[in-house]
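# Analysis of the macromolecular model
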Amino acid sequence: MDDPSDRIQLIMTLRRQGIVDARVLSAIEKVPREVFVQAEDQLKAWDDNALPIDCGQTISQPYIVAFMTCALEIGERERMLEIGTGSGYQAAVLSHLCRRVYTMERHPALMRQAQKRLHDLGYDNVTTLLADGTNGWPEQAPFDKIIVTAAADSIPQVLIDQLREGGILVAPIGESRDNQTLVRVRKLGGRVEQEDLLPVRFVPLLKGVARET
Ligand code: SAH
C-alpha cells in the first residue's frame, strides 16, 4: 500500500545505485507507483523491480525508469515522445520534468487503463495515442527528446528523423531478449552520435496496433 516509508526506501536505494539527479528522484517520489501496478502487486509497488501488467507486458524497474530519465537530460520547457505507454508510469514521471509528454501504445486495453490513471491523477500535460510507435508521431514532431520503452533490433530511422537538432533519443536495442543494450543517440550537426549505456531487458517493439483481446 502507500506507506511513505516504502517511497523513502526506494529513493534511498536509487541514490545508492548512483541516481543523484534531485529532480528525477523527486519525480519518482511523487508518482504513486501503486496506482500503475496490478491489484495483487500492491505490496510490491515500491520495490525496485519490474512487475507484470496486462497484455503480457511489464512496468519497468524504477532504477531503469530513473536511469533512462536521467540519460534524457530533460529541460522543463521540452516536449517529449514516449513509445510504449504500458502502464503510463514512465509518462507520469516524465510529465513532472518537462512541458508535454506525447506517449504512444499499440495495445488498446493498456492504453485505456493508462489514460484513466493519468486522467484521475491529474497529469494533464500527457497526450496519448493508440498507434504503432515505430512510425513516430509526425504531426507533433520534432521532439526535443524521445524515449523508447520496448526493444528493437535497431533504432528506427523515422524516430531519429522526428528528433530535433541537438535532441536525445534513449532506447533499448538488441536482437534477443537476453542481449539488449540501452543506447543514447544525440543528433548533432545532422549527424548521429551513439553511446552504449547499460545492459537491459525489455519486451519487444512490435509493428502494428494489437487486436482487442
Ligand atoms: N513505459 C511503460 C513500460 C512499457 S512496456 C511503463 O512505464 O509502464 C513496453 C510497452 O511498449 C508495452 O506496453 C508494449 O505494448 C508497447 N509497445 C511495443 N511495441 C510498440 C509499438 N510499435 N508502438 C507502441 N507501443 C508499443
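Right, let's walk through the structure included here. Predicted model, so just to flag it, every value in this text is computed and none were measured. (Residues numbered from 1 in each chain as written. Predicted model: local features only at pLDDT ≥ 70, side-chain atom pairs only at ≥ 80, totals over all residues. Heavy atoms only, no water.)

We now examine the nonpolar core. If you look at the biggest cluster of nonpolar residues, it comprises 46 residues, and the most contacted ones within it are Leu14, Ile28, Leu72 and Tyr89. Where this core is concerned, the elements lending two or more residues are helix H1 (4–16), helix H2 (22–30), helix H3 (62–71), helix H4 (89–95), helix H5 (108–120), strand S7 (163–176) and strand S9 (191–200). For this core, the leading source of residues is H3, giving 7 residues. The residues contacting Leu72, other than those within four sequence positions of it, are Met80, Leu94, Lys145, Ile146, Ile147, Ile168 and Val170. (Core = buried A, V, L, I, M, F, W, Y, C linked by side-chain atoms within 4.5 Å. Buried < 20%, exposed > 50% of the residue type's maximum accessible area, 1.4 Å probe, protein only. Helix = DSSP H or I, 4+ residues; strand = E, 2+ residues; numbered from the N terminus. Contact = heavy atoms within 4.5 Å.)

Right, let's get into H5. With 13 residues, H5 should reach 18 Å at 1.5 Å per residue; the first-to-last C-alpha distance of 18 Å fits that figure. Within the sequence span of H5, burial applies to Pro108, Ala109, Leu110, Met111, Ala114, Arg117 and Leu118. In this structure, the buried residues of H5 make contact with H4, strand S4 (100–105) and strand S5 (126–130). Once H5 finishes, Gly122 follows within two positions and takes phi at roughly 80 degrees, a positive value. (Expected span 1.5 Å × (residues − 1).)

Roughly 560 Å³ of volume is contained in the largest pocket. Around the largest pocket, the lining comprises 38 residues; the ones closest to its centre are Thr58, Thr149, Ala150, Phe202 and Val203. Of all the secondary-structure elements, those providing two or more residues to the lining of the largest pocket are strand S2 (58–59), H3, strand S3 (79–83), H4, S4 and S9. (1 Å grid on protein atoms, 1.4 Å probe; cavity = no way out; pocket = protein on both sides within 12 Å on 5 of 7 lines; lining within 4 Å. Points joined across faces, edges and corners; volume = space filled by probe spheres on them.)

In short, the description is geometric, and any link to function would need to be established separately.
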